[in-house]
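# Commentary on secondary and tertiary structure
One letter stands for each residue in the lines below.
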Amino acid sequence: MVRFVVEKPQIMSASQNIVVSETTMSSIIPNNNNNNNNSSSQKLPPCLISISKKKLLKNIDIINGGGQRINAWVDSMRASSPTHLKSLPSSISTQQQLNSWIMQHPSALEKFEQIMEASRGKQIVMFLDYDGTLSPIVDDPDKAFMSSKMRRTVKKLAKCFPTAIVTGRCIDKVYNFVKLAELYYAGSHGMDIKGPAKGFSRHKRVKQSLLYQPANDYLPMIDEVYRQLLEKTKSTPGAKVENHKFCASVHFRCVDEKKWSELVLQVRSVLKKFPTLQLTQGRKVFEIRPMIEWDKGKALEFLLESLGFGNTNNVFPVYIGDDRTDEDAFKMLRDRGEGFGILVSKFPKDTDASYSLQDPSEVMDFLRRLVEWKQMQPRM
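Right, let's walk through the structure included here. None of these values were measured; they are calculated from a predicted model.

## What about the overall build of the protein chain?
Secondary structure summary: the protein chain contains 13 helices and twelve strands in total. Of all 380 residues assigned to the protein chain, the portion counted as buried reaches 51%. In the protein chain, the share of contacts with a sequence separation of at least 24, taken over all contacts with a separation of at least 6, comes to 66%. On the protein chain, roughly 18600 Å² of surface is accessible, and the fraction owed to carbon and sulfur atoms is 49%.

## Some thoughts on the packing of aromatic side chains
Applying the stated criterion across every chain, the model contains twelve aromatic pairs. Plain terms: the ring middles of F252 and F286 are 5.1 Å apart, the flat faces sit at 40 degrees to each other, and that makes the pair tilted. With F252 in the loop between β7 (248-251) and α10 (260-271) and F286 in strand β9 (residues 285-290), this residue pair connects regions lying 34 residues apart in the sequence. Like F286, F252 is buried.

## Side note on the sheet that holds β9
Read from one edge to the other, the open sheet built from four strands follows the order β6-β7-β9-β8, with strand pairing classed as antiparallel. This sheet does not close on itself; its edge strands, each paired only once, are β6 (240-243) and β8 (277-282). Neighbouring strand axes in the sheet, compared pairwise and without regard to direction, differ in orientation by 20 degrees on average. Pairing between β7 and β9: four bridges, direction antiparallel. Directly across from A248, in β9, lies its bridge partner I288. Here α10 sits on the sheet in contact with β7, β8 and β9, set at roughly 10 degrees to β9.

## A word on the nonpolar core
Counting residues in hydrophobic clusters, the biggest one holds 56 residues, and the most contacted among them are F127, I193, F286 and I288. In terms of residue count, the dominant contributor to this core is α10 (six residues). Residues lining this core come from more than one domain, with at least three contributed by each of domain 1 (91-213 + 293-374) and domain 2 (215-288). Here I288 is in contact with I222, V225, L229, C247, A248, S249, V250, L271, L277, Q278 and L279, once residues within four sequence places are set aside. Among the nonpolar cores identified, the runner-up in size contains 41 residues, and Y130, F177, I342 and V371 belong to it.

## Some remarks on the sheet that holds strand β11 (residues 340-344)
As summarised here, the arrangement of the eight strands in space is β5-β4-β3-β2-β1-β10-β11-β12, forming an open sheet in which the pairing is mixed. In this open sheet, the two strands that pair with only one neighbour each are β5 (211-212) and β12 (355-357).

## So, the pairing of β11
The element β11 is largely enclosed, with a buried count of five among its five residues. Taking every second residue as pointing to the same face, both faces of β11 are buried, with F340, I342 and V344 on one and G341 and L343 on the other. Here four bridges tie strand β10 (residues 315-321) to β11, and the two strands are oriented parallel to one another. Within the sheet, the bridge partner assigned to Y319 lies in β11 and is G341. Tracing the backbone out of β10, into helix α12 (residues 327-336) and back to the parallel element β11 gives a crossover that is right-handed. Looking at chain direction, β11 and β12 are connected through three bridges and run parallel. Within β12, the position partnered with V344 by the bridge is L357.

## Some points on the packing of helix α7 (residues 148-160) against helix α13 (residues 360-376)
Where α7 contacts α13, the axes come no closer than 9 Å and their chain directions differ by 35 degrees. Seen along the crossing, α7 lies across α13 with a hand that is left-handed. Contacts from K149, M150, T153, V154, K156, L157 and C160 in α7 reach P360, M364, L367, R368, L370, V371 and K374 in α13. Here the contact of α7 with α13 is built from residues that sort into nine nonpolar, one polar and four charged.

## Concerning a positive patch on the surface
A contiguous patch of positive charge, built from K149, R152, K156, K159 and R368, is present on the exposed surface. Ranked by residues supplied to the positive patch, first place goes to α7 with four residues. For K156, the position within the fold is in helix α7.

## Some words on the pairing of β10
When a strand is regular, its side chains alternate between the sheet's two faces. β10 sits mainly inside the fold: seven of its seven residues count as buried. In β10, alternate side chains face the same way, and those of V315, P317, Y319 and G321 on one face and F316, V318 and I320 on the other are all buried. Pairing between strand β1 (residues 123-128) and β10: six bridges, direction parallel. Counterpart to I124 in the pairing with β10 is F316.

## Focus on the pattern of salt bridges
On inspection of all chains with the given rule, the structure shows 16 salt bridges. The closest approach of N and O atoms between E231 and K234, which form a salt bridge, is 2.8 Å. Of the residues examined, E231 reaches a relative accessible area of 47% and is grouped as partly exposed. Counted as one network, the salt bridges with shared partners bring together D129, K296 and D326.

What counts and how
- Residues numbered from 1 in each chain as written.
- Predicted model: local features only at pLDDT ≥ 70, side-chain atom pairs only at ≥ 80, totals over all residues.
- Heavy atoms only, no water.
- Helix = DSSP H or I, 4+ residues; strand = E, 2+ residues; numbered from the N terminus.
- Buried < 20%, exposed > 50% of the residue type's maximum accessible area, 1.4 Å probe, protein only.
- Contact = heavy atoms within 4.5 Å.
- Areas by Shrake-Rupley, 256 points an atom, 1.4 Å probe, with all protein chains shown as cover.
- Phe/Tyr/Trp six-rings, centres within 6.5 Å; stacked < 30°, edge-to-face > 60°.
- Pairing = 2+ DSSP bridges.
- Axes fitted to C-alpha atoms, helices over the stretch in contact; angles between N-to-C directions.
- Core = buried A, V, L, I, M, F, W, Y, C linked by side-chain atoms within 4.5 Å.
- Domains from an automatic or database assignment.
- Right-handed = clockwise from strand over helix to strand, strands pointing away.
- Left-handed = near helix turned anticlockwise from the far one by under 90°.
- Nonpolar A, V, L, I, M, F, W, Y, C, P; charged D, E, K, R; others polar.
- Patch = residues over 30% accessible without salt bridge, like charges linked within 9 Å, V, L, I, M, F, W, Y side chains within 5 Å.
- Salt bridge = Lys/Arg side-chain N within 4 Å of Asp/Glu carboxyl O.
- Lys, Arg positive; Asp, Glu negative; His and termini not counted.
- Charge placed at Lys NZ, Arg CZ, Asp CG, Glu CD.

Put into structure tokens, the structure is as follows:
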């Protein structure tokens, strides 16, 4: 008989490192305490309940699958590569597919007036991914700097609307890039959430000390996985491993395609020892995250609740992102029937986003127009 030991993520009390109202917490994370102060007897809330055996077995299959599974991963790695997309032959059929996709996901710049009309009378709340959205995708993730023009634009945006950065990076890294204390930050794919620094909050609905970390118990495990991945992948030129505090990543943007199968084997050989971590893929990157029911969509919902917009029709959330992990947020907005998602991409992709922008320069143009529109409202 095989026995599975599933680690449960820790739920932190306000006395530890989360300061939000009881109303906010109960609305997104139901309170299952039975008037018992003994933490060992507390039940986990549904959104963070321990992994089911079925899901755990599926994850083990993904990590331990044979050659066919490896080939599937390599095919997926190719599909996520813009260089492969650019090399596709131009044809009438591919152009027709592109035109059809654009009709379904029109440019947010071209439809700007229509979008603003839909937001009339509602509070716009902005959620922005970082890499590929506010900064260009680069070979070295440590050099993904945002331009000074983009920083000024985001600063102006935050004066007009509550604004959050939602990223796979750890908060410290992304803050060093953005350098704006007035924003909300959700790092590690939403598993590390912090509010504006003291004295910077312009939105009185939320306490400035907002902090939430649903995967706190996984910190030692992520540190160990990071150490092992560094050691295991050091023989693969171009591979770069990052520790994002509550998750880890292995970038293969600079790895020769002939080495991709080898890299997949290396990553899986480490993860098979950690069945409660899941392996997913983004834009030329493998993501290793705790297997808990938390993602960018949950982070978006949590922030809306914290801002006081959990049970109201007077909010208009806008989420802009370019990666597969942003799809959780796009889907959340579709399910809520409020606001919309904008996918940043030059190529057709399956997405729950309603609109599209091609690159960070178009993102900046859209954000500028939002600021100008807001500044015109008193005059109008």
